[in-house]
Amino acid sequence: MNTINLTIDNKPLVVKKGTTILEAASDVGIDIPTLCHMKLDDLNIENKPGGCRICVVEVNGRRNLAPACCTEVNEGMEINTHSMRVINARRTVMELILSDHPFDCLICAKSGNCDLQDMAHNLGIREIRYKGEQSTYREDTSPAIIREVDKCIMCRRCETMCNEVQTVGVLSAINRGFESVVSPAFEMNLDHSVCTYCGQCVAVCPTGALTEVDETGKVVRALSDPTKTVIVQTAPAVRAALGEEFGMEAGTLVTGKLVAALRRLGFDHVFDTDFAADLTIMEEGTELLNRLGKHLNGDKDVKLPILTSCCPAWVKFFEHQFPEMKDIPSTARSPQQMFGAIAKTFFADQLEVKREDLVVVSIMPCVAKKYECGREEFSVNDNPDVDYAITTRELAALIKLSNIDFKSLPNEEFDNPLGESTGAGVIFGTTGGVIEAAVRTAYEVHTKKELPRLDFEELRGMEGIREATIDFDGLPIKIGIAHGLGNARKLLEDIQAGKSEFHAIEIMSCPGGCIGGGGQPYHHGNVNVLKQRQKALYTEDKNKTIRKSHENPHIIELYEKFLGEPMSEKAHLLLHTEYFDRT
């Protein structure tokens, strides 16, 4: 029998065999509260340890209450999801969880976005009857992520993301009994571990146990300093998600309002990271064509496939896990770092401002960008190319703090020269977007012909690993795409084993790419949020007047007046980098 007949809260229904009580209840619109459970269907991500016991339900004929997230339905099962016995059990479990949880909600970074706080409110918890000893741990601060383990409720979501999805293997349950907690091995600091700072643990944590390092205070001080010129760049994925923090539907494009808000915060110039994405394509695309040309001419030493290098968490991943392959990725810096290098040279000269008096702030969907801008190779005389990187969530908090009515703001345009961008730069924010942007330029540069189409649907989607062959006027270019570091690992292992036939591979650390970055508004396990953000970026791309990076007039002017040509000596100095063995 492939179907099951059952009743939930007196509602008869038929579901597939293997369906859990939680899934069956959802099918008929019945909400069963959960803390540890998390499921992102299209990304094949699920966490269901059944540990929190908040989701317990009453099953007729069963002596004890059943955890709905990990109990499969049986034929004829009768379930009550909100009986007095169930409600009492849930409230008791919640009180026990709170009895070993800090009472500092007013100053917690997750206050207002905390699943535990919301659940306690929904269950009507007004007092905690169980009082006694609380487990305490030291705080761990890294360049990008803060661990306040006193707030850990052992839901194990971060463990699933770190070990099963990202295959980084930093977080796991340690100790026993009352002292058990999720932590790196031997309770080492994150910055002493192989953590990539991808931030996916932060994105799924239901409490304030894992949060990003907050740099809004530093940005406020810079904006308040009359001796500093403060400029800002904003990544493509930010415009497709920021509106969610102000009650807008997921996927609402707020590009113009974002620019207006940044001006009202006091930034002297508001620029677009998409400009630097176009610049990245010029360098990375040229590097791809150079390697391909050598390969076709019989050079056996050329390194293929070329791997994209825009994502700092992905870079740190291969530096730790695959250091012997560090000469395969493109040497092109990420758009964030290209922007910083150009801002503190070319643009600083235009303004006649000293490098140290120009403050560059990035608005990023990613917590790893905080780590990236602190890497030593991205500074000159201890002055970083990018001074501060704040997340989409941090920007939203700063806008609210400044009493800006975001929804009523007019749409405004980015400043030039570092604000003009193409549709190719916009799609950098989603999985498949970087390689599609590269194809648009590399095809025309290689063939000297105009592309017959600009939308490469075969490069788009949400599957964890995708592949396609693009015809460069008779030259078949084999392309691989992976998002999520676990998927990246599979492609890298194929390269190691000599099985890979790809010429180029795009890799992004976060599920969905930057739209699902660790610094974006919390999606609370709803994969449709990511889909809507992705759709928004493709919409903005389609609406752009110019959709190919090499046709951006300000990019053309930058090469003519300053850089010379892609991969020139000056371009290599400012726009390229090197990688390190971190084992």
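Residues numbered from 1 in each chain as written. Predicted model: local features only at pLDDT ≥ 70, side-chain atom pairs only at ≥ 80, totals over all residues. Heavy atoms only, no water.

**Focus on the packing of helix H8 (residues 273–296) against helix H14 (residues 433–447)**
Working step 1: As a packed pair, H8 and H14 sit with axes 9 Å apart at the nearest point and diverge in direction by 60°. Relative to H14, the crossing made by H8 is right-handed. Taking contact as the criterion, the partners of Ile281, Met282, Glu284 and Leu289 in H8 are, on H14, Val434, Ala437, Ala438, Thr441, Ala442, Val445 and His446.
Working step 2: Classifying every residue of the contact of H8 with H14 gives eight nonpolar, two polar and one charged. (Axes fitted to C-alpha atoms, helices over the stretch in contact; angles between N-to-C directions. Helix = DSSP H or I, 4+ residues; strand = E, 2+ residues; numbered from the N terminus. Left-handed = near helix turned anticlockwise from the far one by under 90°. Contact = heavy atoms within 4.5 Å. Nonpolar A, V, L, I, M, F, W, Y, C, P; charged D, E, K, R; others polar.)

**Comments concerning the packing of aromatic side chains**
Working step 1: What the rule picks out here adds up to nine aromatic pairs.
Working step 2: Relative to Tyr371, the ring of Tyr197 lies with its centre 5.2 Å away and its plane at 45°, an arrangement referred to as tilted. With a gap of 174 residues between them, Tyr197 in the loop between strand S11 (181–183) and helix H5 (200–204) and Tyr371 in helix H11 (residues 368–372) connect regions that are remote in the sequence. For the pair Tyr197 and Tyr371, one class covers both residues: buried.
Working step 3: Taking 6.0 Å as the distance between ring centres and 55° as the angle between the ring planes, the aromatic pair formed by Phe271 and Phe339 counts as tilted. In this pair, Phe271 is assigned in strand S14 (residues 269–272) and Phe339 in helix H10 (residues 335–351), connecting sequence segments 68 residues apart.
Working step 4: Residue Phe339 is classed as buried on the basis of its relative accessible area of 2%.
Working step 5: The positively charged end of Lys110 is found above the aromatic ring belonging to Tyr522, 4.6 Å away from the centroid.
Working step 6: In this arrangement the basic side chain of Arg460 is found over the ring face of Tyr538, its NZ or CZ atom lying 4.0 Å from the centre. (Phe/Tyr/Trp six-rings, centres within 6.5 Å; stacked < 30°, edge-to-face > 60°. Buried < 20%, exposed > 50% of the residue type's maximum accessible area, 1.4 Å probe, protein only. Lys NZ or Arg CZ within 6 Å of the ring centre and 35° of its normal.)

**Side note on the sheet that holds strand S15 (residues 306–307)**
Working step 1: Strands sit in the order S15-S22-S21-S20 across an open sheet of four strands; the sheet is mixed. Looking along the sheet, the strands with just one partner apiece sit at the ends: S15 and strand S20 (465–472).
Working step 2: Bridging between strand S21 (residues 475–483) and strand S22 (residues 504–508) involves five bridges; their strand directions are parallel. The partner of Gly480 across the bridge, within S22, is Ile505.
Working step 3: Across the sheet, helix H15 (residues 485–496) is in contact with S15, S20, S21 and S22; its angle to S21 comes to roughly 140°. (Pairing = 2+ DSSP bridges.)

**Here's the deal with the pattern of salt bridges**
Where charged atoms from two side chains of opposite charge come close, those side chains can pair.
Working step 1: A complete count under the given rule lists 44 salt bridges for this structure.
Working step 2: Notably, a salt bridge pairs Glu23 with Lys39, separated by 2.7 Å at the nearest N-O pair. Here the residue Glu23 occupies a position in helix H1 (residues 21–27), and Lys39 occupies one in strand S3 (residues 38–40), the gap between them amounting to 16 residues.
Working step 3: Taking the shortest distance from any N to any O, the salt bridge between Arg263 and Glu412 comes out at 2.9 Å. Taken as a pair, Arg263 in helix H7 (residues 255–265) and Glu412 in the loop between helix H12 (392–401) and helix H13 (423–426) lie far apart in primary sequence, 149 residues in all.
Working step 4: Here Arg263 falls in the partly exposed class, since its relative accessible area comes to 27%. (Salt bridge = Lys/Arg side-chain N within 4 Å of Asp/Glu carboxyl O.)

**Side note on H12**
Working step 1: Counting buried residues along H12, seven of its ten residues qualify, which places the element largely inside the surrounding structure.
Working step 2: Burial in H12 covers these residues: Thr392, Arg393, Glu394, Leu395, Ala396, Leu398 and Ile399.
Working step 3: The first or second residue beyond H12 is Asn403, which carries a positive phi of 60°.

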